[in-house]
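# Survey of secondary and tertiary structure
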Amino acid sequence: MNTSPHLTARAAGSQQRRSRITMFAALVWSIGLVTASVLWLTGLVEAPFAEFSPGDFSALIDALPDPFAAALLGIVGVIVTAVAAWALSRAEPPIAVLAVVAGALTVFSTVIVADAKVMAVIGYALSFRLVPLDGATTLQFGMLLDSAVWIAAAVCAPAGRLVPIEGRRASALERSAVAVAVVVPLLYAAVRFAWAAGIPLGISDEMLADGQESGLWTVGLGLASVATAVALLTLGLVQRWGERVPHWVPALGGRRIPVALAAVPVTIGGLAIFAGGVMFVRVAMSGSLPLSENWSTIGPELLWPLWAIALAVALAGYVRRRIRVDNPA
């Protein structure tokens, strides 16, 4: 189907606006990080870092003295601020540069700054249990959101006109990635469902009794339900209903589902999952929580990095099947 020059120009302009909006958001986040670092270093605001001990459930940045941690975040903030300002000064910033910055910031945020706190807060919120945010969790949320904004800036960089498409089939790799992204949370859910049902799967009878007395397994039941729902929704990345609302849905049936409706939560959730998984792997490798004892307490969580990577692969395929980039001649 032919597209008029007027519509083509309008679509290209819209794409460039989206690119600049996301790049400006990245700049704002980065300036905020620099500002926060200065406030922490000067003592005007208490630094939001937690106590750290080897093998503890905490972020690696907490192992640094507060001034060093604040300075490190400030340095990162200055670098990404400079890149964001430079990118905004250009009509079409190189995608490779933005991708490198987004990737480096993502690794820094998920491996160094964040741990499982964000994943826990999201899980509790989705199971209708609101947890107050402390300084450390707020910092982690901020860094993961900053990474997500930079990823969006790199993806939205104008390399051509984005054209919605349909009809592409998911590849074997994409279906395999979705299978992994479904199985891992279901394994986590199965363990929590067993504990809620009074089955000491992978834990001692004493630990099961303690959890029943404290109500911990009731909380776990909510998290298991969330994990199950997330696993089912993940199927939409390779199913037809993930691209168009099923026709039997009142009012919305047959409507095209916006790509961002899948991309945004999957990206943010994937970052939180990866950060939490890296923390659990680090704890397991420290030997402070031997898997031979109560293996199911962190066993499923050790697969979370794989879950996050599978989500990234599946999402990339989903976007590829739904959007084509028309490079200008």
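Residues numbered from 1 in each chain as written. Predicted model: local features only at pLDDT ≥ 70, side-chain atom pairs only at ≥ 80, totals over all residues. Heavy atoms only, no water.

## Some details on the pattern of salt bridges
- Taken as a whole, this structure holds six salt bridges when the rule is applied.
- For arginine 192, the salt bridge identified is with glutamate 301, shortest N-O distance 3.0 Å. Of this pair, arginine 192 sits in helix α6 (residues 172-196) while glutamate 301 sits in the loop between α9 (259-286) and α10 (304-322), and the two are 109 residues apart along the sequence.
- Under the relative-accessibility criterion, arginine 192 is labelled buried at 9%.
- Judged by its relative accessible area of 3%, glutamate 301 falls in the buried class.
- Linking glutamate 243 and arginine 321 is a salt bridge whose minimum nitrogen-to-oxygen distance equals 3.8 Å. Pair noted here: glutamate 243 is in the loop between α8 (216-234) and α9 and arginine 321 is in helix α10, with a separation of 78 residues, a long-range link. As far as the burial class goes, glutamate 243 and arginine 321 line up, both buried.
- Taken together, the shared-partner salt bridges connect Glu174, Arg240, Glu243, Arg320 and Arg321 into one network. (Salt bridge = Lys/Arg side-chain N within 4 Å of Asp/Glu carboxyl O. Helix = DSSP H or I, 4+ residues; strand = E, 2+ residues; numbered from the N terminus. Buried < 20%, exposed > 50% of the residue type's maximum accessible area, 1.4 Å probe, protein only.)

## Some details on α6
- Helix length check: α6 (25 residues) gives 36 Å between terminal C-alpha atoms against 36 Å at 1.5 Å per residue, within 8%.
- Positive phi shows up at glycine 198, right after α6, with a value of about 85°. (Expected span 1.5 Å × (residues − 1).)

## Here's the deal with the packing of aromatic side chains
- In this structure the tally under the stated criterion is five aromatic pairs.
- Both rings, one in phenylalanine 280 and one in tryptophan 304, keep their centres 5.6 Å apart while their planes meet at 90°; by these two values the pair is edge-to-face. Taken together, the residues phenylalanine 280 in helix α9 and tryptophan 304 in helix α10 connect sequence positions 24 residues apart.
- Relative accessible area serves as the criterion here: at 9%, phenylalanine 280 is assigned to the buried category. (Phe/Tyr/Trp six-rings, centres within 6.5 Å; stacked < 30°, edge-to-face > 60°.)

## Looking at the side chain of threonine 137
- Summarising the element assignment, threonine 137 is placed in helix α5 (residues 135-156).
- By relative accessible area, threonine 137 is classed as buried at 5%.
- Residues contacting threonine 137, with those up to four places away along its chain left out, are Lys117, Val118 and Val121. (Contact = heavy atoms within 4.5 Å.)

## Notes on the confidence of the model for the chain
- In the predicted model, the chain carries a mean pLDDT of 89, and the fraction of residues at 70 or more is 91%.
- Mean pLDDT across the elements of the chain bottoms out in strand β1 (residues 161-164) (70) and peaks in α6 (97).
- Note that residues 1-9 has pLDDT below 50 and, in this model, three contacts with residues that lie over four places away or in other chains. (pLDDT = per-residue confidence, 0-100.)

## Structural notes on the environment of serine 37
- Mapped onto the elements of the fold, serine 37 is located in helix α1 (residues 5-42).
- In the structure, serine 37 is positioned 33 residues away from alanine 70 in sequence and 5.2 Å away in space, judged by C-alpha atoms.
- Setting aside residues up to four positions removed in sequence, serine 37 forms contacts with Ala70, Ala71, Leu73 and Gly74.

## Focus: α9
- Relative to the 40 Å expected for 28 residues at 1.5 Å per residue, α9 spans 40 Å between its end C-alpha atoms, a close match to the ideal helical length.
- Residue glycine 287 follows α9 closely and has a positive phi angle near 80°.

## With respect to the nonpolar core
- Residues Leu237, Ile273, Trp304, Trp307 and Tyr318 are the most contacted members of the largest nonpolar core, which totals 41 residues.
- The set of elements that each furnish at least two residues to this core consists of α4 (117-126), α5, α6, α8, α9 and α10.
- Broken down by element, the residue count for this core peaks at ten residues, all from α9.
- One finds Val76, Val83, Leu98 and Val113 within the second-largest nonpolar core, a separate group that totals 32 residues. (Core = buried A, V, L, I, M, F, W, Y, C linked by side-chain atoms within 4.5 Å.)

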